[in-house]
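# Structure assessment
Each chain, letter by letter, is given below.
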Amino acid sequence: MVLQKGCGILHKLVINGGKKISGEIKLQGAKNSALPILAATVLVEGQTVIKNCPELTDIYVASRILTHLGCKVTRQEKETVVVSNNGITCGFISEKLMREMRSSIIFLGAVLGRCGECSLYFPGGCQLGPRPVDIHLSALRKMGIMISEEHGRINCTAPNGIKGAKIMLEFPSVGATENIILAAVKAEGETEIKNAAREPEIKDLVSYLVKCGAKIEFSSESTIRIKGVDRLDGCEHSVIPDRIAAATYLAAAAITDGAVCISGTSQLDASSFTGYFEHMGCSVYICNDKICLKGKNRILPVKSLKTMPYPGFATDMQAIIMSVLCKADGTSVFEENIFESRYKHVDALNMMGADIKVYGKIAVVQGVKKLYGANVEATDLRGGAAMTVAALAAEGTTEITCINHIDRGYEKIDTVLASLGADIKRKPEFQ
Ligand code: EPZ
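Residues numbered from 1 in each chain as written. Predicted model: local features only at pLDDT ≥ 70, side-chain atom pairs only at ≥ 80, totals over all residues. Heavy atoms only, no water.

## Re the overall build of the protein
Counting its secondary structure elements, the protein contains 14 helices and 25 strands. What you see for the protein is a C-alpha radius of gyration of 21 Å, in line with the 22 Å of a compact globule of 431 residues. For the C-alpha atoms alone, the extent of the protein along its principal axes is close to 65 × 45 × 45 Å. The 431 residues of the protein split such that 57% are buried. Taking as baseline every contact in the protein between residues at least 6 positions apart, the subset at least 24 positions apart corresponds to 73%. Entry remark: accessible area of the protein is about 16700 Å², with carbon and sulfur atoms responsible for 50%. Taken together, the 50 basic and 46 acidic charged side chains of the protein have centroids lying 2 Å from each other. (Helix = DSSP H or I, 4+ residues; strand = E, 2+ residues; numbered from the N terminus. Rg over C-alpha atoms; globule rule 2.2 N^0.38 Å. Buried < 20%, exposed > 50% of the residue type's maximum accessible area, 1.4 Å probe, protein only. Contact = heavy atoms within 4.5 Å. Areas by Shrake-Rupley, 256 points an atom, 1.4 Å probe, with all protein chains shown as cover. Lys, Arg positive; Asp, Glu negative; His and termini not counted. Charge placed at Lys NZ, Arg CZ, Asp CG, Glu CD.)

Quick look at the structure:
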């Protein structure tokens, strides 16, 4: 079966709140792992079988980029994507494809590593404030790559080949770390990345590449060493579970005083986020491959939540945890340190009866007893998920439009939540 796009027409979510979210679900694979792994298949000879690959619109876009570059991509069964790479036919990615998501930029390192040159455009993706790629480009320049920028187009060539280099990142950017790894795996010599991002999704990318024959090691928590090899061969790899989706479904149970068990989580470092739910007074159990949460009638506030690079509090969880704390018995304070504009969901939550005040990077959430249904617009992926979580606990009906943002990162969120008892329907936007 050839990959199909998730939705052709615009949809909205219609949620009648007030139902407890309870039951068991299997967790989807991580979007932020699957995307760089798909990009990495550009470097590999032959066939890669990616298991636990979520069915998301961003995955569909990555598949279109791969097809455009000359690979064959098929989804063989629900969770398995196969990429056949018998040679890349072009090193150019159009502006249209690049604008469809932020992760398109990860193809830069991969195409460079394969072809020694690449031409593409600045990427699109969630509008979370400025999202420059200066750290990516300055690292690539250190590796002997010549880069020119004109009218939003980035042209890269490595006239003398890509050379290993010692790179110290000014910030542990996830995307820059991935791009450097991808450019370095087949480069001449050794590359060292200091202050590298340490997210589990980076480790998953490394684990895939090592299976393909790459020589990569973590010489400390935040230093990665890569020895260039001549050739990488396709392999089978299973994508790690999605920690942000896990937190979202736990949040749905927490805010509705429900109880969920999420299976398929054995490879998940749950300790990085379950503590927040425990602070709220929820009971969390981790057993074999399951994480289970039981909610609490009145959630407790969390005094201070500061987003930080991994293993700190993830910026991708900020909006989702905030939606739960809207109903806490007291005041919670957030500090967003990763992105400049990641409070876009606040207006929608306030329209639903929340009491949130934003002062620059600080958001003060005064818990309220009740949230109310409203017509809101998903502003970005996690903001849209936060509105969905809040709507589950709101009195009355919430309609969330622009859910194309949500579909970029959640596999059939409506079906999953309905299976847990939510009254949620996906309808055409103009119905
Ligand atoms: C990744 O984005 C994730 N996306 C994001 O997930 C996540 O929010 C983010 O990491 C932080 O954890 C994917 O993995 C596909 P960064 P990325 O480079 O790579 C600044 C989601 O909801 N920066 O670590 O774009 C940048 O502006 C999303 O799934 C520079 O200044 O994040 C930002 O403030 C959205 N210059 C900060 O660093 C650069 O060259 C973090 O960016 C690169 C980044």
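## A few points about the site of the ligand
Near the ligand lie 23 residues; those nearest to it are Asp134, Ser173, Asp316, Ile338 and Arg382. In the environment of the ligand, an oxygen atom lies 3.3 Å from a nitrogen or oxygen atom belonging to the backbone of proline 132. In this structure, an oxygen atom belonging to the ligand sits 2.8 Å away from a side-chain N or O atom of arginine 382. Considering the ligand on its own, with 830 Å² of exposed area, one finds that the protein chains cover 89% of that surface. For the shell around the ligand, the secondary structure elements donating two or more residues are helix H1 (31-40), helix H5 (134-142), helix H6 (174-184), helix H10 (315-325) and helix H12 (381-392). Within the shell around the ligand, the residues separate by chemical class into ten nonpolar, six polar and seven charged. (Near = heavy atom within 4 Å. Polar contact = N/O pair within 3.5 Å; in protein donor to acceptor, adjacent residues only side chain to side chain. Nonpolar A, V, L, I, M, F, W, Y, C, P; charged D, E, K, R; others polar.)

## Concerning the sheet that holds strand S4 (residues 72-77)
Spatially, the four strands line up as an open sheet ordered S4-S5-S3-S13, and their pairing is mixed. Both outer strands of the open sheet, S4 and strand S13 (236-238), are each paired with one neighbouring strand and no more. The sheet shows a mean angle of 20° between the axes of neighbouring strands, taken without regard to direction. (Pairing = 2+ DSSP bridges. Axes fitted to C-alpha atoms, helices over the stretch in contact; angles between N-to-C directions.)

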